[in-house]
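# Examining the three-dimensional arrangement
Now for the letters of each chain:
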Amino acid sequence: MRRGSISLDRTSGTRLLLLAAAALALGWNLGGHRFLDPDEGRNAEVAREMATTNNYLVPHLDGLPYLDKPVVYFAAAALGMEVLGPKEAAARLPALLATLATIAVVAWFARRRWGSTAGWVAGLALATMPMVSAYARTTIFDSSLSFFTTTAIICFAVERPVLAWGAIGAGGITKGPVAILIPLATLIPWALFTGVPLRRLFPWRGLLAFAIVALPWFFAVTARIPEFPHYVFVRETLERVTTRSFHRTAPFWYFLPILPLAAFPWFVPALSRCSVARARWAWLARKVNENARDPVLLAAWVLGPLMFFSLNQSKLPQYVLPLMPAFALAAARTLSHDGAGSGSRAFVVAAAVLALALATLTLWLPGSLPLTGPERAAIPFTARTLAAALVVSAALVALAARRDSPTLAAAGYALVTLALPFASGPMLRAVGDDRSAYTLATTIPARASVVAVAAYPPSLPFYLRRPILLATANARELTSNFIADYADRYRTVPGSPLLPADAWRDRLARCAEPTVFVTRAGDGATRADLAHLPLLFADSHYAAYGPCTAEGGS
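Our subject in this report is the structure included herewith. Note that residues are indexed from 1 along each chain, following the sequence as it is written. Totals for whole chains, interfaces and linings use all residues, but because this is a predicted model, local features are given only for residues with pLDDT of at least 70 and pairs of side-chain atoms are given and counted only at 80 or more. Calculated side-chain values reflect all of the structure's heavy atoms, with hydrogen atoms and water omitted.

Turning our attention to the overall build of the protein. Working definition: helices are DSSP H or I runs of at least four residues, strands are E runs of at least two. Numbering for both runs from the N terminus. In terms of helices and strands, the protein carries 27 helices and eight strands. Principal axes of the C-alpha set define a box for the protein whose edges measure 90 × 60 × 45 Å. Using a 1.4 Å probe on the protein chains alone, a residue whose accessible area is under 20% of its type maximum counts as buried, one over 50% counts as exposed, and one in between counts as partly exposed. Buried residues in the protein amount to 53% of all 554 residues. Contact definition: two residues touch when any of their heavy atoms are within 4.5 Å. Long-range pairs, those at least 24 residues apart, make up 71% of the contacts in the protein between residues at least 6 apart in sequence. Each accessible area is a Shrake-Rupley result for a 1.4 Å probe, and residues are judged covered by the shown protein chains and nothing else. A total accessible area of about 23,800 Å² is found for the protein, and carbon and sulfur atoms account for 65% of it. Each charge sign in the protein was given a centre, from 50 positive and 32 negative side chains, and these centres are 14 Å apart. Under this rule, positive means Lys or Arg and negative means Asp or Glu; His and the chain ends count for nothing. Lys charges are placed at NZ, Arg charges at CZ, Asp charges at CG and Glu charges at CD.

The omega angle of the peptide bond from D37 to P38 is 10°, so this bond is cis rather than trans. Mapped onto the secondary structure, P38 falls in the loop between α1 (2-27) and α2 (39-53). The amide bond that connects F264 to the next residue, P265, takes the cis arrangement and shows omega of -5°. Looking at where P265 falls in the secondary structure, it is placed in the loop between α12 (258-262) and α13 (267-272). We note that A454 has phi near 50°; this positive angle belongs to a residue other than glycine. Along the chain, A454 turns up in the loop between β3 (449-453) and α23 (460-464). Classification of A454 by relative accessible area gives partly exposed; the value is 24%. Located in the positive-phi region is T479, a residue other than glycine, with phi close to 55°. Positionally, T479 belongs in the loop between β4 (469-471) and α24 (481-485).

Inspection of the secondary structure assignment puts S436 in the loop between α21 (425-435) and α22 (438-442). Since its relative accessible area comes to 9%, S436 is described here as buried. Counted as a polar contact is a pair of N or O atoms within 3.5 Å, where, for protein atoms, one must be capable of donating a hydrogen and the other of accepting one, and residues adjacent in sequence contribute only when both atoms are in side chains. Within the structure, the side chain of S436 is placed 2.9 Å from the backbone oxygen of G432, a separation counted as a polar contact. Side-chain polar atoms of S436 contact the backbone nitrogen of Y438, separated by 3.3 Å. Other than its neighbours up to four places away in sequence, S436 contacts R34, F35, D37, S459 and Y463.

Attention now moves to the packing of helix α5 (residues 116-127) against helix α16 (residues 324-338). At a minimum axis distance of 8 Å, the contact between α5 and α16 shows a crossing angle of 140°. Judged by the inter-axis angle, α5 sits oblique to α16. The crossing of α5 and α16 is right-handed. Residues T117, A118, V121, A122, A125 and L126 of α5 touch α16, and the partners they reach there are M324, P325, A328, L329, A332, L335 and S336. Just so you know the grouping, Ala, Val, Leu, Ile, Met, Phe, Trp, Tyr, Cys and Pro go in nonpolar, Asp, Glu, Lys and Arg go in charged, and all remaining residues, Gly too, go in polar. Of the residues that constitute the contact of α5 with α16, the class distribution is eleven nonpolar, two polar and no charged. Only the contacting stretch of a helix is used when fitting its axis, a line to C-alpha atoms as for every element, and angles between N-to-C directions run 0 to 180 degrees. Roughly parallel means an angle under 35 degrees; roughly antiparallel means over 145; roughly perpendicular covers 65 to 115; every other angle is labelled oblique. In this scheme, a crossing is called left-handed if the near helix is turned counterclockwise away from the far one by less than a right angle; it is called right-handed if the turn is clockwise.

Let's shift gears to the state of the cysteines. Criterion for a disulfide: a pair of cysteine sulfur atoms at a distance within 2.5 Å. Counted according to the given criterion, the structure contains one disulfide. The disulfide partner of C511 is C548, and the gap between their sulfur atoms is 2.0 Å. On the sign convention where negative means left-handed, the S-S torsion of about 95° between C511 and C548 marks this disulfide as right-handed. With C511 in the loop between α26 (503-510) and β6 (515-520) and C548 in strand β8 (residues 542-548), this residue pair connects regions lying 37 residues apart in the sequence.

All right, on to the packing of aromatic side chains then. Stacked, edge-to-face and tilted are the three classes for Phe, Tyr and Trp ring pairs, Trp counted by its six-membered ring, which pair at centre distances within 6.5 Å; planes under 30 degrees apart are stacked, over 60 edge-to-face, the rest tilted. Taken as a whole and assessed by the stated rule, the structure comprises 29 aromatic pairs. Here the aromatic rings of F147 and F148 are separated by 5.1 Å at their centres, their planes lie at 55°, and the arrangement is tilted. Assessed through its relative accessible area of 17%, F148 is described here as buried. Aromatic pair Y438 and Y463: ring centres 5.2 Å apart, planes at 80°, arrangement edge-to-face. With Y438 in helix α22 and Y463 in helix α23, this residue pair connects regions lying 25 residues apart in the sequence.

What follows is about the pattern of salt bridges. When a carboxyl oxygen of Asp or Glu is within 4 Å of a side-chain nitrogen of Lys or Arg, the pair counts as a salt bridge. Counted according to the given criterion, the structure contains 13 salt bridges. D39 is the salt-bridge partner of R42, the closest N and O atoms lying 2.8 Å from each other. Linking R42 with D39, this pair stays in helix α2, spanning three residues, or about one helical turn. Since its relative accessible area comes to 8%, R42 is described here as buried. By relative accessible area, D39 is classed as partly exposed at 26%. Residues joined by salt bridges that share partners form a network here, namely D502, R505 and D529.

Have a look at this one:
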């Protein structure tokens, strides 16, 4: 009895240690690299302006209404900046907290469904998937969306439809109508296949919860900006799905190679339980056996939304982030039911191939890739560290299969992604220095006005702590479809940062106040006209000249 208790304590301690390590890895050095423009810099600036103005209703970018995305993430990041100041960590903190909350919900559901082993394995699996780890540390909306869609699907599965619709409403004011689509694309096929009445998905109390959560903000913004509904439902939803106007078109099979990498290495045990016999049993028993409904739910969770995203004309890798909990649950179900050996051979082979590829990366990496010197210098350390982690991971999984130890197997599967934040630190710093406008911001005098000429470094206003002026023909440089669609209107608003395309020339000639001019590095004509000013900064993206003076401006 005593030896058994000691063994149980050690196992529990190991599991807690693994979960703690996963949480530490997710949040490790959260502000350790600069923003990766355009998305991070733009979103952080919207949050900074929200915190500065205390306008928590309508997001603004460069002082103009920014309605390309709803308010929840911006408001959460703005609150973080109220406490921590306008820093990278504050802007990324909501994504991290949403990821941790998603892990907790998934672990709770797996424990309730399949026992304690499945519970902690599901949490560890989700925490140590590369895509989950990456977007837990990124200032975009997908981790928050994933939390709300995961909560909604799980609440429906445990017959809590009111809570589910409340989560869908919160997701709707986080990233828009896609928060409705993902749960319904999962649950409608699941209900049809398993004989669950569809009306149970749409109780009036649930729809009321959705309305209470989502509609007040929508109506409040519409009262201020009447064109908002048309923009949301036609421009940002219908046109994004059916047209190529957003320049994110990709082949139908675009997401198929992304999924295994996004869910690696848990993708292997997640699918190792798949077989014709088991699929046939689940299909035949789906209406009478609760255990048969689980694989149908997980399959619908992946295939339903994946079909929509594949048909969608606009595609980005992070669109499949809300599918990762299904893979984590499938992997946990496999390891808790079938033991540590399930899928272990396939993983050892895959890990060996990837380790060899990473160990020799510097030998076959094309020299033509547009990498900076620091980025290229960081590659060997990152690649070799991950290669070593893959070798150790494969050894642990193989040993776990021999001992039939799910705990050891989970540790082996988790090891690679646990090492990722530490191995990728130098690379992320190098990429952040190249992609962000931090260095550019440090060269601009504090009292100088900034005029961007047909260019807009997204994180520059954040690092300057103030909006900048933009000389533009159509405002497309702001990477906001809403502002670009209504640029002519907002150009006439008093104090608008939008200037006519050639207005910078008049400012350069008169130079009523010291002004720095920023333009694209490849805009040779503009740079030639600015060449008589001091060159403050130049890299492969942007160049800055000035400041001009009243005596020597023209």
